[in-house]
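Now for the letters of each chain:
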Amino acid sequence: MSKAVSALNGATWSDGIATVTEAPLQGMITLRGDLTSRAVIKAATGAAGLKMPAQGMAGCEGERGICWMSPDEVLVLCAYGDVTGTLEKMHKVLGDAHALAVDVSDARAMFRVAGKGARDVMAKLAPVDVRPAAFEAGMFRRTRMAQVPAAFWMREDGTFHVICFRSNAQYMFDLLKVAAQTGSGVGYF
Amino acid sequence: MSTRLTTGGRLLNRDAPTRFTFNGTPLKGFEGDTLASALLANDHVLVGRSFKYHRPRGIVASGVEEPNALVNLGGEGTFEPNQRATTTELFDGLTSTSQNHWPSLEFDVGAINSKLARFMPAGFYYKMFIHPRPLWKHVYEPFIRHAAGLGQAPKGRDADTYEHFHAFCDVLVVGGGIAGLTAARAAAVSGADVLVLEQTAHWGGRAPVDGGTVNGAPVDKVVDELLSELSDMENVTLRTRTMGAGVYDHGYVLGYERLRDHAPAAQGPRHRLWRIRAKHVITATGALERPLSFAGNDIPGVMLASAVRDYVINFSVSPGDRTVVVTNNDDAYRTALAMKQAGLSVPVILDARVPPADSPLMAEVKEAGIRVLMGHGVARVLGGKRVTGVAVCAQAGEGAVLEEIACDTVAMSGGWSPVVHLWSHCGGKLLWDNDFAMFRPDVDKAPTGADGRAFVSPAGSANGHFGLAEILGDAHAKGRAAARAAGFEPGKVKAPDGESPTEAPMAPVWLMPQGAGIALRSKAWLDYQNDVKVSDVQLAAQEGFESVEHAKRYTTLGMATDQGKLSNINGLAILSDALDQPIPQTGTTTFRPPYTPISMGAIGGEARGEVFQPIRRTPMHDWHAENGADFEPVGQWRRPYAYPRSGESVHDAVMRETRNVRENLGLLDASTLGKIVVKGADAGRFLDMLYTNMMSTLKPGKCRYGLMCGENGFLIDDGVVARIDDDTFLCHTTTGGAERIHGHMEEWLQTEWWDWKVHVANVTEQYAQVAVVGPNARKALEALGGLDVSREALGFMEWVDGTLGGFACRVYRISFSGELSYEIAVRASEGQAFWDALMVVGDTLGVMPYGTEALHILRAEKGFIMIGDETDGTVIPQDLGLHWALSKKKDDYLGKRAHLRSHMADPTRWKLVGLETTDGATLPDGAYAVADGVNENGQRNMQGRVTSSYHSPNLNKGIAMGLVLNGPDRMGEEIAFPGTDGKTYAARIVSAVFYDPEGKKQDV
């Protein structure tokens, strides 16, 4: 059914030093538990078809991925339409293990920040070291951007993927536009 | 007069003439000028009036330390007061006006204060305006506010944008003078990431003006070479027009970049606040020259000696044809030489010292034919709005005039003070240096990081070194040490070899002449901006202000925009002398960030306009807006308060919506309510601790209303808990409580019950939740179809998963209105579609959306409490008659112990009751009920207060809830509530449940 819409219906903007695009709906599952336990590892890796990420990292391939959120939490990414099935599988693998797997796909909005000024834009809004030597593809930060909680990671092509709460989608989009305004390149990276 | 010279000007681009205005007069300058140099080039020496006496004020300095040349810049949308002309780069079209004068700069009525100076000593305002008390508010304060103050506040909205930038580096160098650049190079060869901040638009600091050689080459050439070498290094970032504003814990430094102040036509933000994390910080912030305290040292034309030569060499501006130099050190001799080289006259150098032999600079000056009077000083400066000459005296005497010398500029130098501000911001200590009569950084007591090691190093003249050789040696060593501190192996690179003339020792001169009498002392200014004189500080000391911090506030010495950059050391030397104690014993006032004022815009960064604050929107937000919602803020959310129709008042809309819920069908967007999943073998045990009532006994499929108290027993939240399965619960919180309660749960789980098997997740935004409420609610859901929502299948306080109209959903049969009610959660992404579907099936059922005010009235009619209305952080469940929700079976829960304390168990705590006005009027919200008599403060005694009050359209009268002394025992009694509208409302104490007390309507 086509009833499901992302928060900003795919809004996009490219009149500045970076391109900002709201990504289509993305399947996201919060998995909390002992990240060293076999069941939790199996649930995550089985769902994503990828290895467990190290601290501060995100392993992604296409729409699938596993992002390290905290010492007892990962975010499992999958296609939006696959969430229910993936969650069922994860619950089966987890069995009686002490863990929580829950669908948060609709609780979030996701943006892509691309282009030459992308690092500038991120550094303006998040207290994160995004120097090329310090922040590379595959790295993940759970942080804040201006006044709201956010997390982001970078893909191989240098594009930043930003997630925030769905209710903050418009704020985040406006924020990214302000930070990417023409003439605001910093020239630090 | 001051004028532009025909040749020279190190920083000028004479091919680029630039037009600007000052007080409406069109003037010309060149690209590269500062506003100050351009004003001087146009013979504008008088640029403002002082704060208290409205004395004429001229340009004193050439940099950030300038206390006088403060101007209003720009117009509508770009207006900014208190901008230093000395740090304002000239651009075509710049408009500036002078400040603090009326009616004009040349003729200022307030200057009468100067004649009354005898009657306006230190602490004048405190002494004069304290009695009689009422006059302060109505007469004195408005008058002083009108008379005082420098610039005007901007009236228009700021047209510019601003931003923050988070930067990380290994070594941060603050200051792009020769010391900063040398330190940066020494650090950078190690491979460390180095960031260099320079507050001006130019590199090299004072070195190109003051001269000297490095490795045999002129220092200005060496600056260029260093710059090109650093520019080529990939690990080095150089930023001009960026001031190091403050140093904070953990290597955190604020930089203030002015991107477009000099180029307002450019695109992009105006200022950028750099939020820097550096592993090590080098403060190469240079030094500031001190004025000398002699009578008339505030008359326009009296300038710092270094500034005088800056204007000549950098901007090819002659501040005057005849310049008298007065000094206590060798450095000012450079000014005499610079003037001479520019073809200007130096009638005399008055040197307060009597050295045994001539230093190289003295010999050079004498060779140039300049008259030097040793052991002499200025008795007083002649002139009013402009210097016309100086009266010369012996420094050792009391000011007997030996001769008068005509001049139009006085170049003074009282020695140099290292800029220790940034060093001091985070706790770096200072040492008194007797040789140079200055405070310098105590490198053994540096600001320390979390590891206890120093994270700031001072370098060059900021570290109290003045010869070029010492400056470069220090800077080089500090650069290498900083690289090592940041974890790098310093590279092999030789220290540059500086050479500059040997200087004779300076002599501290805090008052000129040293025996100056009261007449001279009350014309010897310490603080130009705040009109503080030597006599004021002496008076403060006499009156007992012994602490330097107290003396500062009493006299206003070192306050306002310049924060005493020129006046501090001179002022505390005078204070020390008056207290008869050594200067280090008096100490300095505290150096606080920012180094110079930074714009409010830069501090706010991007947070303005649309992104001033996050506004959280539900999935149906746009629909609400399109359908006329009148929004109210609830936390960061915007929730519809009501949906007024065309021509309908908000109040009427609320009444209509409230009635419609009881009569037909209402829809409420309840998505904002918090939803927290709690899962694990110990989830029930955990919730039993968090809620006052028992949650572990709840059966899957059932819901229970719960109360949460904090450790102190006060109510912090409430909501409905649904048990999903044996070890999973879903806890609803209030809208404002979602993040707070989630954090509360995590805190207990992480700090106290870390071994309990419980995980929590905040899934508030995963769901769009719609309350479908009213007698037609079931019909609406049946019309959607897909789920049996009959009383038998889904009883009151039960929930079920299923689909409605094709939407996967969870339906809770709960009611906050007392009506038949379902709360339905669907995926947030489908929220709007589901709402649309409900509006369609509701069309024939009398559906209307309703807002938060109708929600409030409906719950108040039922006597349901609202967190934040009936509670305010001081209310416990017992106050609200919620004893039934306090489990007696549980050994413990958060708040249980607190409830046993004497004040919590006090039977005289005000208790919740309903209130009904005797005439049907609506009680004012928050009104207090008065009792007989007065308390110990003479205030009227109180016996209760209104917590919620509404007009109920369903009962057609005012209804209210309130907390009243012994309220539940006083049913039927009338009490009085005086309103702020002058009326007194009589209300009867009744049950808080006004509507359907049996609860039949919700259970059908």
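Let's shift gears to the overall build of chain B. Scanning chain B for helices and strands turns up 26 helices and 52 strands. Seen through its principal axes, chain B has C-alpha atoms that stretch 115 × 70 × 55 Å. For chain B, restricting intrachain contacts to residue pairs at least 6 apart in sequence, the fraction spanning at least 24 positions comes to 66%.

The next thing to look at is the overall build of chain A. Per the secondary structure count, chain A includes 4 helices and 11 strands. The C-alpha atoms of chain A give 17 Å as radius of gyration, which agrees with the globular expectation for 189 residues (16 Å, within 12%). Projected onto its principal axes, the C-alpha positions of chain A cover 55 × 40 × 25 Å. Looking at chain A as a whole, 52% of its 189 residues qualify as buried. Restricting the contact set of chain A to residue pairs at least 6 apart, pairs at least 24 apart contribute 62%.

Residue and element names in this part refer to chain B. Where helix α14 (residues 534-542) meets helix α16 (residues 568-579), the axes come as close as 9 Å, and the angle between the chain directions of the two elements is 45°. Viewed along their axes, α14 and α16 adopt a mutual orientation that is oblique. Like other packed secondary-structure pairs, α14 and α16 cross with a definite hand, here right-handed. Facing V534, V537, Q538 and A541 of α14, the residues of α16 in contact are G571, I574, L575, A578 and L579.

Right, let's talk about the domain arrangement of chain B for a bit. Looking at the assigned domains, one finds that chain B contains domain 1 (3-112), domain 2 (162-287 + 418-492), domain 3 (294-350 + 377-414), domain 4 (524-586), domain 5 (674-764) and domain 6 (907-1004). Spacing between the C-alpha centres of domain 5 of chain B and domain 6 of chain B amounts to 33 Å.

Facing the 39 residues of chain B at the interface are 44 residues of chain A. Elements with a minimum of two residues in the side of chain B that touches chain A: β9 (162-174), β37 (674-679) and β41 (759-762) of chain B. Among the elements that make up the side of chain B that touches chain A, the one with the highest residue count is β9(B) (6 residues). Looking at the side of chain B that touches chain A, its residues break down into 15 nonpolar, 13 polar and 11 charged.

Moving on, we come to the domain arrangement of chain A. Residue and element names in this part refer to chain A. Once the domains are mapped, chain A shows domain 1 (12-24 + 107-179) and domain 2 (26-106). In this structure, domain 1 and domain 2 have C-alpha centres spaced 22 Å apart. Residue-level contacts link 12 residues of domain 1 with 13 residues of domain 2. Elements that contribute at least two residues to the side of domain 1 that touches domain 2 include exactly β8 (108-114) and β9 (140-145).

Moving on, we get to the packing of helix α23 (residues 777-784) of chain B against helix α24 (residues 831-842) of chain B. Residue and element names in this part refer to chain B. Running from N to C, α23 and α24 cross one another at 110°; their axes reach a closest spacing of 9 Å. By the criterion of interaxial angle, the relationship of α23 to α24 is roughly perpendicular. α23 and α24 meet at a crossing whose hand is right-handed. Facing α23, whose interface residues are A780, A783 and L784, α24 presents A837, L838, V841 and G842. For the contact of α23 with α24, the class distribution of residues is 6 nonpolar, 1 polar and no charged.

Residue and element names in this part refer to chain B. Positionally, W748 belongs in helix α22 (residues 738-751). For W748, a count of 19 C-beta atoms within 10 Å corresponds to the partly exposed category. Distance from W748 to L690, taken between C-alpha atoms, is 9.3 Å for residues 58 residues apart in sequence.

In this section: the nonpolar core. Looking at soluble globular proteins, one finds that nonpolar side chains tend to be buried together. Of all hydrophobic cores here, the largest spans 358 residues; its most connected members are A:V76, A:M172, B:V171, B:V194, B:V770 and B:V772. Ranked by residues supplied to this core, first place goes to β9(B) with 9 residues. Leaving out residues up to four positions away in the same chain, B:V770 has contacts with B:L667, B:L668, B:D669, B:A670, B:I824, B:F834, B:W835 and B:L838.

Right, let's talk about the pairing of strand β48 (residues 928-934) of chain B for a bit. Judged from the 4 bridges that link them, β48(B) and strand β49 (residues 940-952) of chain B form a sheet pairing that is antiparallel. Bridged to B:Y928 within β49(B) is B:R945.

Let us now look at the environment of B:N762. Residue and element names in this part refer to chain B. Within the secondary structure, N762 is located in strand β41. Judged by C-beta crowding, with 23 C-beta atoms within 10 Å, N762 ranks as buried. Along the primary structure N762 and A278 are separated by 484 residues, whereas in three dimensions their C-alpha atoms are 35 Å apart.

Right, let's talk about the sheet that holds strand β45 (residues 821-827) of chain B for a bit. Residue and element names in this part refer to chain B. Ordered by their spatial adjacency, 6 strands build an open sheet running β43-β44-β45-β42-β36-β46, and the pairing between neighbours is mixed. Each edge of the open sheet is held by one strand with a lone partner, namely β43 (799-804) and β46 (847-849). Recorded for the sheet is a direction-independent mean angle of 25° between the axes of neighbouring strands. Relative to strand β42 (residues 767-773), α23 is tilted by about 125°, and along the sheet it contacts β36 (665-669), β42, β43 and β45.

Here we come to the sheet that holds strand β7 (residues 80-84) of chain B. Residue and element names in this part refer to chain B. Overall, mixed pairing links the 5 strands, which are arranged β3-β2-β8-β6-β7 in an open sheet. Both outer strands of the open sheet, β3 (25-31) and β7, are each paired with one neighbouring strand and no more. Between one strand axis and the next, the sheet turns through 40° on average, direction left out of account.

The side chains of a regular strand alternate, residue by residue, between the two faces of the sheet. All names here are of chain B. Counted residue by residue, strand β50 (residues 957-964) has 6 buried out of 8 residues, so it is predominantly covered. As defined by bridge partners, strand β47 (residues 911-917) adjoins β50 across 5 bridges and the pair is classed as antiparallel. Bridging across to β50, L912 finds its partner in L963. In terms of strand pairing, β49 meets β50 through 8 bridges, oriented antiparallel. The residue of β50 that forms the bridge with V946 is G962. Linkage of β49 to β50, two consecutive antiparallel strands, is achieved through a turn of 4 residues, within which N956 is found at a positive phi near 55°.

Parameters at a glance
Every chain is numbered independently, its residues counted from 1 as its sequence is written. All chains are assigned letters beginning with A, and all ligands numbers beginning with 1, in the order in which they are written. Given that the model is predicted, a residue must reach a pLDDT of at least 70 before its local features are reported, and side-chain atom pairs must reach 80 or more before they are shown or counted; all residues, however, enter totals for whole chains, interfaces and linings. Numbering of helices and strands runs from the N terminus, with a helix taken as a DSSP run of H or I at least four residues long and a strand as a DSSP run of E at least two residues long. A residue pair is marked as a contact if its C-beta atoms, positioned from the backbone, fall within 7 Å. In this treatment the radius of gyration is a C-alpha quantity, and the globule benchmark scales as 2.2 Å times the residue count to the 0.38 power. Neighbour density around each residue's C-beta defines its exposure: 20 or more other C-beta atoms within 10 Å make it buried, 12 or fewer make it exposed, and counts between make it partly exposed, where C-beta atoms are placed from the backbone. Where helices are involved, their axes are fitted lines through C-alpha atoms of the stretch in contact, as for all axes, and angles between N-to-C directions lie from 0 to 180°. Our angle categories are set so that under 35 degrees counts as roughly parallel, over 145 as roughly antiparallel, 65 to 115 as roughly perpendicular, and the remainder as oblique. Each crossing gets its handedness from the near helix: less than a right angle anticlockwise from the far helix is left-handed, clockwise is right-handed. Per the annotation, domain bounds derive from an automatic or database assignment of domains. Amino acids outside the nonpolar list (Ala, Val, Leu, Ile, Met, Phe, Trp, Tyr, Cys, Pro) and the charged list (Asp, Glu, Lys, Arg) are all regarded as polar, and Gly is one of them. Definition of nonpolar core: a set of buried Ala, Val, Leu, Ile, Met, Phe, Trp, Tyr and Cys residues joined via C-beta atoms within 7 Å. At least two DSSP bridges between two strands are needed for those strands to be called paired.

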